[in-house]
Amino acid sequence: MNHQTKEVSVIEPRCAEFSKRLAIEFGVECAVLLSHISGLIDEPGGRELVVKDGIHYIRITSTELSTSLPFFSERKVSRMIKTLCESGVMKTHNLGCDKMDRARWVGLVNIKTL
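1. Points about the nonpolar core
Formed by 23 residues in total, the largest nonpolar core has its most connected members in Leu33, Leu34, Ile37, Leu65, Val77, Leu84 and Met90. Sorting the residues of this core by element identifies helix 1 (20–26), helix 2 (28–42), strand 2 (55–60), helix 4 (74–87) and strand 4 (104–108) as the ones contributing at least two each. If one sorts the elements of this core by residue count, helix 2 sits on top with eight residues. Excluding residues within four positions of it along the chain, Leu84 makes contact with Phe26, Cys30, Leu33, Leu34, Val89 and Met90.

See below:
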């Protein structure tokens, strides 16, 4: 028998990163989400940004976030966003012109401290 083996990498090129301070304050899962959203906001040439009241917002859905962070379900992402908004570290708005547009615009408060 001729067996060919394929090398499979168990480490993906981009790992989820988060701040130890944020993990202590908000939990590891919320720290991962905050760091991911912060990276999307800071990404040059990335998503459309809207600045409102000094906060940079990006348009993103829970589905998009759960796709890019596949270890979180859409429902889990929605719950984490709600928790982070209640804690004051995140704000959401519906800034779309179309009333049928249900995507949230997500912004981080004190983004420089992340």
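2. Let's talk about the packing of aromatic side chains
Here the structure, examined in full by the defined rule, presents one aromatic pair. Between the aromatic rings of Phe71 and Phe72, the centroid separation amounts to 4.9 Å while the plane-to-plane angle is 75°, which identifies the pairing as edge-to-face. For Phe72, a relative accessible area of 6% gives the class buried.

3. Concerning the environment of Met80
By secondary structure assignment, the location of Met80 is in helix 4. Put simply, Met80 and Phe26 are 54 residues apart on the chain and 9.7 Å apart in space, counted from C-alpha to C-alpha. Here Met80 is in contact with Glu29, Cys30, Leu33 and Phe72, once residues within four sequence places are set aside.

Calculation rules
Residues numbered from 1 in each chain as written. Predicted model: local features only at pLDDT ≥ 70, side-chain atom pairs only at ≥ 80, totals over all residues. Heavy atoms only, no water. Core = buried A, V, L, I, M, F, W, Y, C linked by side-chain atoms within 4.5 Å. Buried < 20%, exposed > 50% of the residue type's maximum accessible area, 1.4 Å probe, protein only. Helix = DSSP H or I, 4+ residues; strand = E, 2+ residues; numbered from the N terminus. Contact = heavy atoms within 4.5 Å. Phe/Tyr/Trp six-rings, centres within 6.5 Å; stacked < 30°, edge-to-face > 60°.

None of this, on its own, says anything about what the molecule does.
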